[in-house]
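# Survey of secondary and tertiary structure
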Amino acid sequence: MTQTTEAAAAAQDVPTGNGPRIHRAWSVAAVAFVTIIGAAAFRSLPGLLIDPLNREFGWSHGTIGAAVSVNLALYGLTAPFAAALMDRFGIRKVVAVALTVIALGSGLTVWMTAAWQLMLCWGLLVGLGSGSMALAFAATVTNRWFTERRGLVTGVLTAASASGQLIFLPLLSWIVEKHDWRPAAVTVALAALAVVPFVWLLLRDHPADVGQKPYGAREFVPKPAPARGAARRAVTVLVTASRTGTFWLLAGTFAICGATTNGLIQTHFVPAAHDHGMPVTAAASLLAVIGVFDVVGTVASGWFTDRFEPRRLLAVYYALRGISLLFLPMLLAPSVHPPMLFFIVFYGLDWVATVPPTVALCRAQYGDDSAIVFGWVLAGHQVGAALVAFLAGVARDAFGSYDLVWYACGALCAAAALMSLVIRRRPVSAVGELAPAGHVRRG
């Protein structure tokens, strides 16, 4: 009680965002943006290493895809526990440890000689570290520091992952082609370590730590006490949310999102393009262009989410993505031509535009638990990505091409569009007003 009173008193002497000074929330969001970029470096690498690892060790596309699938699955399954750990130990500590684990896993890959070591370093260590840096981190920062502009900030932080791909992918593809894959892995490890000092010195856990209100808030919000039992809370929130139909629809649509982005395009586009004679550097550059337009599309989606019905936005995004995938087998060729560029721009705008409306639906349905619920929804995203990363590699080994995979994923997107429209609106109370944000509707 004493600490709360002192914090509230201090807040009256500190600018709250209504004056001319820039609110501290924006600097925290900027640090989070740079942090996610650093963590995204490793996510640029898997698609570039499939062919080099196949040549050096003789590992099949399916074996390498299995390691990628472990990474992607852990990326999602770790997220809700990481969100709960942030409530227990603070954002700064959890993120700093996560970046260190990413650097360790990436650095150790240079000494691997067997497939199980790939699973350990690339799959387990980097999966756990990147999972703690997942979009649940962005949702936690947004929920704590912002009352207004949440959709826009969610879009910007989501775009940070694409920006990391944009920054690192052309560089890493050049390193792989000119100097082998090991220097590229070391580059990723150093990038993750370089971000740690920024996190430790500049990131803050809560607005009350600096005596400010959340951006757009009318009242001072005291910092909550550390939430003990992080693992138990994460599981409890899952059990409660899983009793609602909305949770399963959100998790299902987001699983298809992961399957058609991280699992499919990010992992297999470069080797698929190379199968058609396209140079690796050219294919990697196309993925970087996806990263450019992903930033535009995700920020725009955040702006749209603040103004339009999130369910309808999701339906449109998934429908357009499915249509574009159906055309991709006809566009792959030895050189880059205008129709392929159109696909890249189109797919880039839609890449993770699904995140802001999905976060908004979680927030409306699950209130204070929304970051953890979104962590579990993100787990569905990564399970979908993991399955397709593995199955697409197996399909390539079995059929000699990826054509069947493109068509199947296009059909999945059509299903996701229909599922989005079935998601229920935010619960309504007896008097016709929106129910409290923390209300959970059964069924």
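Only a predicted model underlies this, so the values are computations on that prediction, with no experimental measurement involved.

### Comments concerning the packing of helix 4 (residues 61–77) against helix 18 (residues 370–399)
For the pair helix 4 and helix 18, the least separation of the axes is 7 Å and the interaxial angle reads 175°. As judged from the angle between their axes, helix 4 and helix 18 are roughly antiparallel. In this structure, helix 4 contributes His61, Gly62, Gly65, Ala66, Val68, Ser69, Leu72, Ala73, Tyr75, Gly76 and Leu77 to the contact, and helix 18 contributes Gly375, Leu378, Ala379, Gln382, Ala385, Ala386, Ala389, Phe390, Gly393, Val394, Arg396 and Asp397.

### Observations concerning the confidence of the model for the protein chain
Chain-level pLDDT for the protein chain is 80 on average; 86% of the residues reach the 70-or-more range. Predicted confidence in the protein chain is weakest over helix 1 (residues 2–11), with a mean pLDDT of 42, and strongest over helix 19 (residues 403–422), with 93. In the predicted structure, residues 1–20 sits below a pLDDT of 50 and forms 15 contacts with residues beyond four places in sequence or in another chain. The low-confidence segment residues 428–443 (pLDDT under 50) makes 36 contacts with residues lying over four places distant or belonging to another chain.

### Quick word on the packing of helix 4 against helix 7 (residues 115–132)
Viewed as axis vectors pointing N to C, helix 4 and helix 7 meet at an angle of 20°, and their least axial separation amounts to 7 Å. Classified by the interaxial angle, the pair formed by helix 4 and helix 7 is roughly parallel. The handedness of the crossing between helix 4 and helix 7 comes out as right-handed. Two secondary-structure elements touch here, helix 4 through Thr63, Ile64, Ala66, Ala67, Val68, Val70, Asn71, Leu74 and Tyr75 and helix 7 through Ala115, Leu118, Met119, Trp122, Gly123, Leu124, Val126, Gly127, Leu128, Ser130 and Gly131. Looking at side-chain class alone, the contact of helix 4 with helix 7 contains 14 nonpolar, six polar and no charged residues.

### Describing the side chain of Thr140
By the secondary structure assignment, Thr140 is in helix 8 (residues 135–145). Setting aside its immediate chain neighbours within four residues, Thr140 contacts Ala83, Met86, Ile91 and Ala371.

### Observations concerning the nonpolar core
It is characteristic of soluble globular proteins that their nonpolar side chains tend to be buried jointly. In terms of nonpolar packing, the biggest core is built from 124 residues, with Leu53, Phe137, Ile265, Phe269, Met340 and Trp406 touching the most fellow members. The biggest single contributor to this core is helix 18, with 14 residues.

Rules used throughout
Residues numbered from 1 in each chain as written. Predicted model: local features only at pLDDT ≥ 70, side-chain atom pairs only at ≥ 80, totals over all residues. Heavy atoms only, no water. Axes fitted to C-alpha atoms, helices over the stretch in contact; angles between N-to-C directions. Helix = DSSP H or I, 4+ residues; strand = E, 2+ residues; numbered from the N terminus. Parallel < 35°, antiparallel > 145°, perpendicular 65-115°, else oblique. Contact = heavy atoms within 4.5 Å. pLDDT = per-residue confidence, 0-100. Left-handed = near helix turned anticlockwise from the far one by under 90°. Nonpolar A, V, L, I, M, F, W, Y, C, P; charged D, E, K, R; others polar. Core = buried A, V, L, I, M, F, W, Y, C linked by side-chain atoms within 4.5 Å. Buried < 20%, exposed > 50% of the residue type's maximum accessible area, 1.4 Å probe, protein only.

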